[in-house]
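Residue-level structural notes
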Amino acid sequence: MPAAARQSPVFRFAPSPNGPLHLGHALSAFLNRDMAAATNGHLLLRIEDIDLMRCTPEFERAILDDLSWLGIAYERPVRRQSEHFDTYADALERLRAMDLVYPAFMTRGEVKAHVAAYEAKTGETWPRDPDGSPLYPPLDRQRSASACAALMAAGTRHAWRLDMDRAAPLAGNGLAWSETGDGETGRLAAEPRRWGDVVLSRSDAPSSYHLSVTIDDALQGVTHVVRGLDLFHATSVHRLLQALLGLPEPVYHHHRLILGPDGRKLSKSLDDTGLAILRENGASAADIRRLVGL
Ligand code: GLU
């Protein structure tokens, strides 16, 4: 159904096929399904496979198998992000036309070295984003257009990053989102500056998570984003991109995370919280619901 024709709420489960699903994904999928059912809404499935190096068709098939085993039905067609790189490139082009992005040439290693040198020299801590990664240094942002063009003409690998100093003020002071999840709730202030110059496309992936998730939620008419609290702070970036690109604002619900026995967030490594392993060991969908506390 075209997004514009839908009147009722639209939810989506959006896993990345870069590893096997675990209990945390099951909680997300169940909550999306339950909330869609409770509101007479729609449930969509989106495969977030922009990372062409790590995502595989086998992991995607395993996701579909796990969902069918859990009894979670979703509407077709399934949106596969790798089939829509042109759409994300168009959005990037719009931001480029607004002079809000710049080519970024530093590798992860170079950023790390730059930050370490700064911290050693000044004794000060380089600012980190909410995930703990250092903010991208301002060196590339200050490069002249002709210097950028020369580097690109020479084939230097580069990403495209959002110029946060230019972009954030365009959204005004009141940028916020409505949150109904398991952490802080209500109308919450978005703080995109905490992320610095976020990456919007990479040399090895034509779009970034932030860009594609924002575009797709709008294109698919998603009205309710239900996902783990690990993505709570990322919402600030998504709200900024929505404001810059004139996209509608969904309601957000960030749910509790399922932690491993060590108290850490579950990883996609094959351990005893993997859904396929639990299934092989005889667990039922009802057992999984109980295991995730539903
Ligand atoms: N693809 C993301 C993940 O698997 C989820 C993205 C989202 O729900 O916004 O963690």
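Going by the structure above, here's the rest.
Heads up: these notes are all about the structure in this document. (Residues numbered from 1 in each chain as written. Predicted model: local features only at pLDDT ≥ 70, side-chain atom pairs only at ≥ 80, totals over all residues. Heavy atoms only, no water.)

Glancing now at the site of the ligand. Surveying the vicinity of the ligand reveals the residues Arg-12, Ala-14, Pro-15, Ser-16, Glu-48, Tyr-209, Val-213, Arg-227 and Leu-231. For the ligand, a nitrogen atom lies 2.7 Å from a polar atom in the backbone of Ala-14. The separation between an oxygen atom of the ligand and a polar side-chain atom of Tyr-209 is 2.9 Å. Here the ligand has 300 Å² of accessible area as a free molecule, and 80% of this is covered by the chains. In terms of residue class, the shell around the ligand is made up of 5 nonpolar, 1 polar and 3 charged. (Near = heavy atom within 4 Å. Polar contact = N/O pair within 3.5 Å; in protein donor to acceptor, adjacent residues only side chain to side chain. Areas by Shrake-Rupley, 256 points an atom, 1.4 Å probe, with all protein chains shown as cover. Nonpolar A, V, L, I, M, F, W, Y, C, P; charged D, E, K, R; others polar.)

With that settled, the discussion passes to the sheet that holds strand S8 (residues 199–201). Taken in spatial order, the 3 strands line up as S4-S5-S8 in an open sheet, and their pairing is antiparallel. A single partner strand is all that each edge strand has here, and the edge strands are strand S4 (101–104) and S8. Shown here is a sheet whose adjacent strand axes are inclined to one another by a mean of 40°, direction ignored. Where strand S5 (residues 159–162) and S8 come together, 2 bridges link them in antiparallel fashion. Residue pairing for S8: Trp-160 is matched across the bridge by Ser-201. (Pairing = 2+ DSSP bridges. Helix = DSSP H or I, 4+ residues; strand = E, 2+ residues; numbered from the N terminus. Axes fitted to C-alpha atoms, helices over the stretch in contact; angles between N-to-C directions.)

With 16 residues, helix H1 (residues 23–38) extends 22 Å between its outermost C-alpha atoms, agreeing within 8% with the 22 Å of an ideal straight helix rising 1.5 Å per residue. All of the buried residues in H1 are Leu-23, Gly-24, His-25, Ala-26, Leu-27, Ser-28, Ala-29, Phe-30, Leu-31, Asn-32 and Ala-36. (Expected span 1.5 Å × (residues − 1). Buried < 20%, exposed > 50% of the residue type's maximum accessible area, 1.4 Å probe, protein only.)

Counting 33 residues, the largest nonpolar core has Leu-95, Val-101, Leu-162, Leu-200, Leu-211, Leu-240 and Leu-244 as its most contacted members. Discounting residues that sit within four places of it in the chain, Leu-244 has contacts with Leu-95, Met-98, Leu-100, Leu-162, Ala-167 and Leu-170. Listed in part, the 27 residues of the second largest apolar core include Leu-21, Leu-27, Ile-258 and Ile-288. (Core = buried A, V, L, I, M, F, W, Y, C linked by side-chain atoms within 4.5 Å. Contact = heavy atoms within 4.5 Å.)

Attention now goes to the packing of aromatic side chains. Here the structure, examined in full by the defined rule, presents 3 aromatic pairs. When the ring of Tyr-118 is compared with that of Trp-126, the centres are 5.0 Å apart and the planes differ by 80°; the resulting orientation is edge-to-face. Here Trp-177 and Phe-232 contribute two aromatic rings whose centre-to-centre distance is 5.2 Å and whose plane-to-plane angle is 70°, an arrangement assigned as edge-to-face. Linking Trp-177 in strand S6 (residues 176–179) with Phe-232 in the loop between strand S9 (224–228) and helix H8 (234–245), this pair joins segments that are 55 residues apart in sequence. Phe-232 matches Trp-177 in its accessibility class, with the two residues each being buried. A cation sits over an aromatic face here: Arg-161 above Tyr-136, 3.9 Å from the ring centre. Seen from the ring of Phe-30, Arg-289 lies directly overhead, with NZ or CZ sitting 4.9 Å from the centre. (Phe/Tyr/Trp six-rings, centres within 6.5 Å; stacked < 30°, edge-to-face > 60°. Lys NZ or Arg CZ within 6 Å of the ring centre and 35° of its normal.)

Turning our attention to the packing of helix H3 (residues 85–97) against H8. The N-to-C vectors of H3 and H8 enclose an angle of 70°; their axes lie 11 Å apart at closest approach. As judged from the angle between their axes, H3 and H8 are roughly perpendicular. Residue-level inspection shows Ala-91, Arg-94 and Leu-95 of H3 in contact with H8, the latter providing Leu-241, Leu-244 and Leu-245. Residues of the contact of H3 with H8, tallied by class, amount to 5 nonpolar, no polar and 1 charged. (Parallel < 35°, antiparallel > 145°, perpendicular 65-115°, else oblique.)

With that settled, the discussion passes to the pairing of S6. Where S6 and strand S7 (residues 186–189) come together, 4 bridges link them in antiparallel fashion. Paired with Trp-177 across the two strands is Leu-188, which belongs to S7. Between S6 and S7, which pair antiparallel and follow one another directly, the connecting turn spans 6 residues.

Enumeration over the complete set of coordinates arrives at 25 salt bridges. Residue Asp-216 is joined to Arg-46 by a salt bridge in which the shortest nitrogen-to-oxygen separation is 3.8 Å. Of this pair, Asp-216 sits in helix H7 (residues 209–219) while Arg-46 sits in strand S2 (residues 42–47), and the two are 170 residues apart along the sequence. Grouping residues by exposure puts Asp-216 and Arg-46 together as buried. In this structure, Asp-163 and Arg-141 form a salt bridge, with 3.8 Å as the shortest nitrogen-oxygen distance. Here the residue Asp-163 occupies a position in the loop between S5 and helix H6 (164–170), and Arg-141 occupies one in the loop between helix H4 (108–122) and helix H5 (145–153), the gap between them amounting to 22 residues. Asp-163 sits in the buried class, given a relative accessible area of 7%. Judged by its relative accessible area of 28%, Arg-141 falls in the partly exposed class. Each of Asp-99, Arg-141, Asp-163, Asp-165, Arg-166, Arg-193 and Asp-197 takes part in a single network of salt bridges with overlapping partners. (Salt bridge = Lys/Arg side-chain N within 4 Å of Asp/Glu carboxyl O.)

So far we have only geometry, and geometry alone does not tell us how the molecule works.
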